[in-house]
Amino acid sequence: MSELAERLLGAVQGIRRVVRRRVRADVPGAPLPGAQVEVLRVVADHPGIGVAAAARELHLAANSVSTLVNQLVEAGLLRREADPADRRATRLELTGAARDRIAALRRARTGLVADALSGLSEEDTAAIEQALPALEKLMGILKEQP
């Protein structure tokens, strides 16, 4: 099982690294650190999320996410808004520039991987497709672990 885990991690990390590197070159604007992109993705997937909830989602310390949020607010990519239910709490929202950037990143990533998938045999593509439900379950298990 350890060998399978190592091969899986190597493949996933390698794919992410190559896609990240290639997409940075294709998307206009200064490249963002991966951690900032992850915060933007969480806010895009959960509009109005708070810093503490975003930290839990990312499995990071709240002060680390708070620092990233400050950087993204300063860069004009995130807005803090008062929570109507609790004026002491803030909710995070993407700016228009961030929405455009996230959309461009997603288009570039999807296009890059779709092109690469088209270079595989039908059997390899089917094997990847059949493995996705198991990989998604594995991701769920890993997310639930402390």
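About the criteria used
Residues numbered from 1 in each chain as written. Predicted model: local features only at pLDDT ≥ 70, side-chain atom pairs only at ≥ 80, totals over all residues. Heavy atoms only, no water. Helix = DSSP H or I, 4+ residues; strand = E, 2+ residues; numbered from the N terminus. Buried < 20%, exposed > 50% of the residue type's maximum accessible area, 1.4 Å probe, protein only. Contact = heavy atoms within 4.5 Å. Areas by Shrake-Rupley, 256 points an atom, 1.4 Å probe, with all protein chains shown as cover. Axes fitted to C-alpha atoms, helices over the stretch in contact; angles between N-to-C directions. Parallel < 35°, antiparallel > 145°, perpendicular 65-115°, else oblique. Left-handed = near helix turned anticlockwise from the far one by under 90°. Nonpolar A, V, L, I, M, F, W, Y, C, P; charged D, E, K, R; others polar. UniProt positions renumbered as here; feature names shortened; annotations may be inferred. Lys, Arg positive; Asp, Glu negative; His and termini not counted. Salt bridge = Lys/Arg side-chain N within 4 Å of Asp/Glu carboxyl O. Polar contact = N/O pair within 3.5 Å; in protein donor to acceptor, adjacent residues only side chain to side chain.

Novice: When you look at the overall build of the chain in this model, what are you seeing that I'm missing?
Specialist: Looking only at helices and strands, one finds 6 helices and 2 strands in the chain. Along the chain direction, N to C, the helices and strands of the chain fall in the order α-α-α-α-β-β-α-α. Overall, the C-alpha framework of the chain stretches about 55 × 35 × 20 Å when taken along its three principal axes. Relative to its full complement of 146 residues, the chain shows a buried share of 24%. Partitioning the contacts of the chain with sequence separation of at least 6, the portion at a separation of at least 24 is 49%. Surface accessibility of the chain: about 10,100 Å² in total, with carbon and sulfur atoms responsible for 56%.

Novice: Mind showing me how you'd approach the packing of helix 3 (residues 51-58) against helix 4 (residues 62-74) here?
Specialist: A pair of packed helices is captured by two measures, namely the crossing angle of their axes and the spacing between those axes. Interaxial distance between helix 3 and helix 4 falls to 9 Å at its minimum, and their mutual angle equals 110°. The angle between the axes of helix 3 and helix 4 places the two elements in the roughly perpendicular class. Note on packing geometry: the crossing formed by helix 3 with helix 4 is right-handed. Residue-level inspection shows V51, A54, A55 and L58 of helix 3 in contact with helix 4, the latter providing A62, V65, S66 and V69. Residue classes in the contact of helix 3 with helix 4 are distributed as 7 nonpolar, 1 polar and no charged.

Novice: Would you mind going over the packing of helix 2 (residues 34-45) against helix 5 (residues 96-118) with me for this structure?
Specialist: Relative orientation of the contacting elements helix 2 and helix 5 amounts to 105°, with a least axis distance of 11 Å. By the angle class used here, helix 2 and helix 5 are roughly perpendicular. Facing helix 2, whose interface residues are V37, L40, R41, A44 and D45, helix 5 presents A98, I102, L105, R106 and R109.

Novice: What's the story with the UniProt feature "domain: HTH marR-type" (unreviewed entry) in the chain in this structure? I'm lost.
Specialist: Cross-referencing UniProt, the feature "domain: HTH marR-type" (unreviewed entry) maps to residues 1-140 in the present numbering. Secondary structure across residues 1-140 divides into 71% helix and 11% strand, with the first and last C-alpha atoms of the span separated by 19 Å.

Novice: For this particular structure, what's the right way to read the side chain of D83?
Specialist: Along the polypeptide, D83 turns up in strand 1 (residues 78-83). Buried and unpaired, D83 has R91 as its nearest opposite-charge partner, separated by 4.3 Å. Separated by 2.9 Å, the side chain of D83 and the backbone nitrogen of A85 make a polar contact. Not counting chain neighbours up to four residues away, the residues in contact with D83 comprise A89, T90 and R91.

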